[in-house]
Structures are given as structure tokens and as C-alpha cells.
Amino acid sequence: MTGVLTALHDRAREVLDPVFYDYVAGGAGGERALADNERAFDRLALLPRVLRGSAVRDTAVRLPGAPATAPVLVAPTAFHRLAHPDGELATARAAAAAGVVLVTGLAATTAVAEVVRAARAVDPDAAVWFQLYLQPDPEVTECLVRRAERAGCTALVVTADSPVFGRRERDLRNGFTDLPPGYAAENMRDLPGGPPGGTRPIAMSPELSWDDLARLRAMTALPVLLKGVLHPADARLAVAGGVDGVVVSNHGGRQFDAVPAAVDALPAVVEAVAGRVPVLLDGGVRRGADVAIALALGATAVGVGRPVLWGLAAEGERGVRRVLDTLLDEYDHALALCGARGNADLTGDLVVRRGAGVR
Ligand SMILES: Cc1cc2nc3c(=O)[nH]c(=O)nc-3n(C[C@H](O)[C@H](O)[C@H](O)COP(=O)(O)O)c2cc1C
Ligand SMILES: CC(C)CC(=O)C(=O)O
């Protein structure tokens, strides 16, 4: 991690309840996928071009529901109020100020309408996307979609890598199974079949299928991105199913520790998608150079999960802002050092395997 991110992480570890720290930091099983997400970036290197740079670099990307934005997004993560009392509101303000898309989660401790309002108070054009787990009861899913639409979200992100919940050994050891009293997943309040005024639990279902994605696709005019794709065949099915983007992700190594690192799965998905929709990536992005590597391998943008929570826990809105600004600034610097005038100059030939020589 960059110096700033490491300092924020260290501070977050000091101030957070150790049980919540473990929930954020940890992963599934033996945490092999978690560790590999960062290590896979360490195994890659960039091969700069010389004498072709520019004093001003074009870093803007176009994404569904977010015209001209930075190539870094805030990935959806649960329970921000456990990291800081200002919770998702602080994250939303920081993301909007940094010009970054915020993907607010179904498991947010602040209702999506309030999150969007906080972002738009900083920047009326701020893009907020809504992440959801398709609920086995289609009526509940539809209600969540309408809520996101009414709130002003500009895209939906469907997380598909969680047919069941991952086995997170730290959480099992610590007995962390749910939000502590006084906190709730506010988007799950007042839903069909749930207690009036109360919240329904977020359901995960191994029986969800491509038909459920098709039903969602037909339910809304918002762009839909599918998150948690690793297999290129699934990327093809997603595109055929009418998605507007694919997010290559192993859920930060939190679901299944037998899977590869996100960045190692990226090239095959990029090839399968063949430019038909944007491909995004999250998992292990800790430096601006990681952003550059992902874009050179064909990603349009990357998401950042844990570092945002470290910033939030350490310094609230200011901490999130520091994380995002640091990554964006480092990314721009990496472009300069690669002899790139903008994202478009980051081509696949610039990425080589460390220690493998250059051909
Ligand atoms: C504490 C925490 C909570 C998360 N909650 C969600 C969630 O509710 N929905 C989701 O799709 N992904 C969730 N994720 C996964 C992130 O969206 C993202 O895939 C992952 O954090 C990226 O890896 P990184 O943390 O290495 O940047 C969560 C991740 C963390 C660390
Ligand atoms: C509440 C959970 C569904 C959040 C999640 O996806 C995670 O902890 O990785």
C-alpha cells in the first residue's frame, strides 16, 4: 500500500473494535484469495514508453450512469457506521468531492436516498450506483430497485458471487455474525414480508439463475452491471443477457479462497467481452500503479474496498478523501512515468510479468 494508505490503515486498526477490524480486513477460508489479490499486482510490472508524454493527462472515463468520471470507484462495502459515526454520508461526500462514483451497498447502515442526497449536496452531478443482492422474493428485489431509482441512483450493480455466505474464519472465531444493536441495514427496512418499521435480513440464495438477472433487466431502465464475474463464459452470458458492464471481482477474497486473484482473471474476461461493455475490476488495488496495470489490461475503471473503510475509520470524510485523492494523484503520476497522455495510451504491451524478462 502507499504510505498514506498504510498510515490510515494503521490508525484504523488502532481505533476500530478489533472484531469489526477483523470483519473488514479478513477473508474467506485460509485467506489465500485475499492475499493473492494484492500479490498478483506485485507480480506485474509496467514497461514505460519514453518521449511521448503530456503535461496534462486525460484520466476521465465514461461509464454507464456516470459520464466523465475518474477511473477509480468506491466499491460497495457494508456497515460504514461501524467504521465512523458519519458512516455512508461521509463516504458519499468524499467520493462526490473527489469526482469518484460511489457504489452504495444494500448492506449500508444509511438509506440509499440519504446517501444520494449527501453526495448531490457536494456535487449535483455526483454519480451514485446501488449494489444489490437479488433477493429470492422478486417482490422484495423490485421494491429495492424502485427505492434506488427514486433515490436518484444512476446504475445498479448486482453482486453474483455470493450464492451462499463465505466462511470467514476470523468472524467465526470472533462471533461476528450480524450488526450490533442500534445499527441496521437501512435499505432492508419496510419491505414486503418484513416487519412493519423493521428490517428484513439480506438473503443469499444458491438458486438464483440467469433468469433472475433477466427479470431484473426487464424491471428497470437503469444500467445494470454484474459484479463478481471471474469465468470468461459468464462474462459472455452477462453481455448476452443485456448487462451494461461486468465487474471482475472475487469479493475481496471474502467469499471463496480457492479462486484466483481478480487481476489474474481480468485478461480472459476482457477478451470474452471484446469491448461490447466496460469491464471493471476490484480487489487488491492499493496504488496508482495498480490502477494503471488494470487499465492497461483492459479494465475501464477499478473499485477500491478496504482502503476506503480504513480512511473512514481513521479520519471520517477527510480520510476517505485522502485515500481517493492519493490513488488518483498516484495514477496520474504513473501515467506520466509511462509516457501516457491519458488512459488510452495504457495498452496491453505495457504490462509484463516481474522476473520473467521482456520480449
Ligand atoms: C467490509 C467489506 C464489506 C463488503 N460488503 C460488500 C457488499 O455488501 N456487497 C458487495 O458486493 N461487495 C462487498 N464487499 C466487496 C467489495 O465490494 C470489493 O469487491 C472488495 O472489497 C474489493 O477488494 P479490496 O477490499 O481489496 O479493494 C465488501 C468488502 C469489504 C471489505
Ligand atoms: C452484509 C454482507 C452481505 C456484506 C458483504 O458482502 C461482505 O461482508 O463481504
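Reading guide: rules and limits
- Residues numbered from 1 in each chain as written.
- Chains lettered and ligands numbered in written order.
- Predicted model: local features only at pLDDT ≥ 70, side-chain atom pairs only at ≥ 80, totals over all residues.
- Heavy atoms only, no water.
- Helix = DSSP H or I, 4+ residues; strand = E, 2+ residues; numbered from the N terminus.
- Buried < 20%, exposed > 50% of the residue type's maximum accessible area, 1.4 Å probe, protein only.
- Contact = heavy atoms within 4.5 Å.
- Phe/Tyr/Trp six-rings, centres within 6.5 Å; stacked < 30°, edge-to-face > 60°.
- Lys NZ or Arg CZ within 6 Å of the ring centre and 35° of its normal.
- Core = buried A, V, L, I, M, F, W, Y, C linked by side-chain atoms within 4.5 Å.
- Near = heavy atom within 4 Å.
- Polar contact = N/O pair within 3.5 Å; in protein donor to acceptor, adjacent residues only side chain to side chain.
- Areas by Shrake-Rupley, 256 points an atom, 1.4 Å probe, with all protein chains shown as cover.
- Nonpolar A, V, L, I, M, F, W, Y, C, P; charged D, E, K, R; others polar.
- Expected span 1.5 Å × (residues − 1).
- Arc of directions from axis to C-beta.
- 1 Å grid on protein atoms, 1.4 Å probe; cavity = no way out; pocket = protein on both sides within 12 Å on 5 of 7 lines; lining within 4 Å.
- Sits in = over half its atoms within 2 Å of the grid points.
- Disulfide = S-S within 2.5 Å.
- Salt bridge = Lys/Arg side-chain N within 4 Å of Asp/Glu carboxyl O.

Engineer: Looking at this model, I keep getting lost on the environment of Glu-317. Mind explaining?
Structural biologist: With respect to the secondary-structure elements, Glu-317 resides in helix H13 (residues 306–337). On the accessibility criterion, Glu-317 (34% relative accessible area) is partly exposed. C-alpha separation for the pair Glu-317 and Leu-208, spaced 109 residues apart in sequence, amounts to 36 Å. Those residues in contact with Glu-317 that lie beyond four places of it in its chain are Ala-90, Arg-93 and Ala-94.

Engineer: How do you make sense of the packing of aromatic side chains when you look at a structure like this?
Structural biologist: Each aromatic ring pair is described using two quantities: the centre-to-centre distance and the angle formed by the ring planes. With the rule as written, the count across this model stands at four aromatic pairs. Taking 5.1 Å as the distance between ring centres and 25 degrees as the angle between the ring planes, the aromatic pair formed by Tyr-21 and Trp-310 counts as stacked. Residue Tyr-21 is located in helix H2 (residues 18–25), and its partner Trp-310 is located in helix H13; the two are separated by 289 residues in the primary sequence. Its relative accessible area of 4% is what places Trp-310 among the buried residues. One residue, Arg-168, lies across the ring of Phe-165, its end atom 4.3 Å from the ring centre. Positioned above the aromatic ring of Tyr-23 is the side chain of Arg-254, whose terminal nitrogen or guanidinium carbon lies 4.7 Å from the ring centre.

Engineer: Mind showing me how you'd approach the nonpolar core here?
Structural biologist: What tends to happen in soluble globular proteins is that the nonpolar side chains get buried as a cluster. Residues Phe-20, Phe-79, Phe-130, Leu-281, Leu-324 and Leu-346 are the most contacted members of the largest nonpolar core, which totals 107 residues. Broken down by element, this core gets its largest block of residues, 14 residues, from H13. Residues contacting Phe-20, with those up to four places away along its chain left out, are Phe-79, Leu-82, Ala-83 and Phe-176.

Engineer: Help me out: how do you make sense of the site of ligand 1 in this one?
Structural biologist: Around ligand 1, the structure places 22 residues, and the nearest of them are Pro-76, Thr-159, Asp-282, Arg-286 and Gly-305. Contacts to ligand 1 include Gly-284, whose backbone N or O atom sits 2.9 Å from an oxygen atom. Gly-305 is positioned such that a nitrogen or oxygen atom in its backbone is 2.8 Å from an oxygen atom of ligand 1. Taking 600 Å² as the accessible area of ligand 1 by itself, protein coverage stands at 98%. If you list the elements that add at least two residues to the shell around ligand 1, you get H2 and H13. Across the shell around ligand 1, the residue classes break down as eight nonpolar, nine polar and five charged.

Engineer: Teacher, can you tell me more about helix H11 (residues 262–273) here?
Structural biologist: Side chains that are three or four residues apart share a direction in an α-helix, a result of its 3.6 residues per turn. The terminal C-alpha atoms of H11 lie 16 Å apart, and with twelve residues this matches the ideal 16 Å at 1.5 Å per residue to within 8%. Every buried residue of H11 is listed here: Ala-262, Val-263, Ala-265, Leu-266, Val-269, Ala-272 and Val-273. End-on, the buried residues of H11 take up no more than an arc of 150 degrees, which puts them together on one face. Contacts from the buried residues of H11 go to helix H3 (32–42), strand E1 (44–46), helix H10 (232–240), strand E9 (245–248), strand E10 (279–282) and helix H12 (288–296).

Engineer: What is the right way to read the site of ligand 2 from this model?
Structural biologist: Close to ligand 2 lie Tyr-23, Ala-78, Phe-79, Ala-107, Tyr-133, Phe-165, Arg-168, Met-204, His-251 and Arg-254, which account for all nearby residues. The side chain of Tyr-23 places a nitrogen or oxygen atom 2.5 Å from an oxygen atom of ligand 2. At 2.5 Å from an oxygen atom of ligand 2 is found a side-chain nitrogen or oxygen belonging to Tyr-133. Notes on ligand 2: free accessible area 280 Å², of which the protein chains cover 87%. With respect to the detected pockets, ligand 2 is housed in the largest pocket. Per-class residue counts for the shell around ligand 2 are seven nonpolar, one polar and two charged.

Engineer: Would you take a moment to explain the state of the cysteines for this structure?
Structural biologist: When the sulfur atoms of two cysteines share a covalent bond, that bond is a disulfide. Going through the model one piece at a time under the given rule, you end up with zero disulfides. The thiol of Cys-143 is unpaired, and the distance to the nearest cysteine sulfur, on Cys-153, comes to 14 Å.

Engineer: I keep staring at the pattern of salt bridges and nothing clicks. Help me out?
Structural biologist: Pairs may arise between side chains of opposite charge once their charged atoms sit close together. For the structure shown, the criterion picks out 18 salt bridges. Between Arg-170 and Asp-22 there is a salt bridge, with its nearest N and O atoms 3.0 Å apart. With Arg-170 in helix H8 (residues 169–174) and Asp-22 in helix H2, the pair connects residues that are 148 residues apart, well separated along the chain. Both residues of the pair, Arg-170 and Asp-22, count as buried. Here Arg-286 ties to Glu-38 by a salt bridge, and the two come within 3.2 Å at their closest N and O atoms. With Arg-286 in the loop between E10 and H12 and Glu-38 in helix H3, this pair connects stretches of sequence that are 248 residues apart. Connected through salt bridges with shared partners, the residues Asp-36, Arg-43, Asp-264 and Arg-353 form a single ionic network.

Engineer: It is not clear to me how the environment of Val-61 should be interpreted in this structure. Could you clarify?
Structural biologist: Looking at where Val-61 falls in the secondary structure, it is placed in strand E2 (residues 61–63). Residue Val-61 is classed as buried on the basis of its relative accessible area, which comes to 8%. As for Val-61 and Leu-335, which are separated by 274 residues in sequence, their C-alpha atoms are 14 Å apart. Ignoring sequence-local partners within four residues, the contact set of Val-61 consists of Ala-66, Pro-67, Ala-68, Thr-69, Ala-70, Pro-71, Thr-300 and Asn-343.

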